[in-house]
Amino acid sequence: MTDGGEPRLYANRWGDTSDPAPGRRGSYRDVCSCIDQSRPHPRARVRFHTERQDTSAPGWQHLLELIDEAAADGREEFRPLSELSPEERRQIITLPPSIARLTAVKHLVLYGSNLVRIPPEIGAMSSLEEFTPYTSYRLHWFPYEITRCRKLTRSTVSTRALFGNYKMRPPFPQLPPSPESVVDLDLGNLDPRRWGATALHGCSVCDHPIEESGLHQVWISLRVATDVLPLLVNACSSACVATLPGGARDYIPTPHKGGRVDQPASDWD
């Protein structure tokens, strides 16, 4: 929805989660300076967010309860942040794997979140038609598994905050070389600075267990619903990488490892 710039909003259509002073005391989200949204820096260096989710935090426990309730009653719209206090919202930097149980949800609203990553389990939300993480300015990328949401046709994303966005062309984090064996990796306890996640298990492409093969990480930018999103692929083999589609028009056309890779000119240019 936002590829032509941020939409003009006359009212908060997604619940009362507005934050007049992000990063300040009492705010429900942290300041992010990863991407300069005022002018392009295509040769800058960027990294993944390093935060780990505190699963003992009250906000996390409350979110788990809300997901249980939504899964039990089969609701079609899920806007959990509006049911959390400001302090609890700030404690949520990812979503639980249990979102895979929300198979009836058609509209997922994460307006103004403090999220830094979305788990691959979003791909199991088979009824999802609309996705609204608008003004989640610390959310710079999405898991490739979101492409499994075949009914997803509408999205509202703050695209200027995304890696490789056409407006500013910020770079992508450099991905590590692909290990042919993961025997020395604790896939349940990874460093998010290096791998983008704290745990990896199934292949983004074929869902084969990564534990039984290698790990081949690549970036690809694809149109998902209304927006072109930078997607992180965690593949089990180079063969799975070879099956990926071509990148979106006016974006890098092939899967890549990020870093200072050449991108098309920005809209600013």
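The coordinates are above.
Note that the structure is a prediction, hence the values are computed from the model and not measured.

Quick notes on the rules
- Residues numbered from 1 in each chain as written.
- Predicted model: local features only at pLDDT ≥ 70, side-chain atom pairs only at ≥ 80, totals over all residues.
- Heavy atoms only, no water.
- Helix = DSSP H or I, 4+ residues; strand = E, 2+ residues; numbered from the N terminus.
- Buried < 20%, exposed > 50% of the residue type's maximum accessible area, 1.4 Å probe, protein only.
- Contact = heavy atoms within 4.5 Å.
- Areas by Shrake-Rupley, 256 points an atom, 1.4 Å probe, with all protein chains shown as cover.
- Pairing = 2+ DSSP bridges.
- Patch = residues over 30% accessible without salt bridge, like charges linked within 9 Å, V, L, I, M, F, W, Y side chains within 5 Å.
- Salt bridge = Lys/Arg side-chain N within 4 Å of Asp/Glu carboxyl O.
- Lys, Arg positive; Asp, Glu negative; His and termini not counted.
- Charge placed at Lys NZ, Arg CZ, Asp CG, Glu CD.
- Core = buried A, V, L, I, M, F, W, Y, C linked by side-chain atoms within 4.5 Å.
- Expected span 1.5 Å × (residues − 1).
- Arc of directions from axis to C-beta.

A. View of the overall build of the protein chain. In terms of regular secondary structure, the protein chain is built from 4 helices and 7 strands. Reading the protein chain from its N end, one meets helices and strands in the order α-β-α-β-β-β-β-α-β-β-α. In the protein chain, which comprises 269 residues, the proportion classed as buried is 51%. Within the protein chain, residue pairs in contact and separated by at least 24 positions form 65% of the contacts whose partners lie at least 6 positions apart. Accessible area for the protein chain stands at about 12,300 Å²; split by element, carbon and sulfur atoms hold 48% of it.

B. Quick look at the sheet that holds strand S2 (residues 107–109). The parallel open sheet is built from 4 strands, whose spatial order is S1-S2-S3-S5. Either end of the sheet is taken by a strand with one partner, and the two such strands are strand S1 (77–78) and strand S5 (154–155). Note that S2 and strand S3 (residues 130–132) share 3 bridges and pair parallel. Considered in S3, the bridge of Val-109 is made with Thr-132.

C. Up close: a positive patch on the surface. On the surface, a cluster of positive charge is made up of Arg-45, Arg-47, Arg-193 and Arg-260. Looking at the element boundaries, Arg-45 is found in the segment before helix H1 (58–73). Exposure remark for Arg-45: the relative accessible area of 68% places this residue in the exposed category.

D. Spotlight on the sheet that holds strand S7 (residues 227–235). If you trace the 3 strands from one edge of the open sheet to the other, you get S4-S7-S6, paired in mixed fashion. Two strands lie at the open edges of the sheet, namely strand S4 (142–143) and strand S6 (216–224), each paired on one side alone. Direction of pairing for S4 relative to S7: parallel, over a ladder of 2 bridges. For Phe-142, the partnering residue across the bridge sits in S7 and is Leu-231.

E. Looking closely at the pattern of salt bridges. All told, the structure shown has 10 salt bridges when counted by the stated rule. For Arg-90, the salt bridge is made with Asp-30, and the minimal N-O distance between the two is 2.4 Å. Highlighted residues: Arg-90 in helix H2 (residues 86–90) and Asp-30 in the segment before H1, separated in sequence by 60 residues. Judged by its relative accessible area of 26%, Asp-30 is partly exposed. Residue Arg-138 is joined to Asp-30 by a salt bridge in which the shortest nitrogen-to-oxygen separation is 3.8 Å. Placement of Arg-138 in the loop between S3 and S4 and of Asp-30 in the segment before H1 is noted, with a sequence separation of 108 residues between them. Salt bridges sharing partners connect three or more residues here, namely Asp-30, Glu-51, Arg-90 and Arg-138.

F. A look at the nonpolar core. Core analysis: the biggest nonpolar cluster contains 42 residues, and Ile-118, Ile-122, Phe-131, Phe-142 and Leu-231 have the highest contact counts within it. Mapped by element, the contributors of at least two residues to this core are H1, S6, S7 and helix H4 (238–242). No other element matches H1, which puts 5 residues into this core. Those residues within four positions of Phe-131 in sequence are excluded, and the remaining contacts are His-107, Leu-108, Leu-110, Ile-118, Ile-122, Phe-142, Ile-146, Leu-152, Arg-154, Ser-155 and Thr-156. If you look at the next biggest cluster of nonpolar residues, it comprises 10 residues, including Val-46, Phe-48, Phe-163 and Ile-252.

G. Region of interest: H1. If you check H1, its first and last C-alpha atoms are 23 Å apart, about what 16 residues at 1.5 Å a residue would give, namely 22 Å. Buried within H1 we find Gly-59, Trp-60, Leu-63, Leu-66, Ile-67 and Ala-70. Projected down its long axis, H1 shows its buried positions confined to an angular sector of 120°, all on one face. Along H1, exposed side chains directed more than 90 degrees from the buried face belong to Pro-58 and Ala-72. Residue Gly-74 follows H1 closely and has a positive phi angle near 65°.

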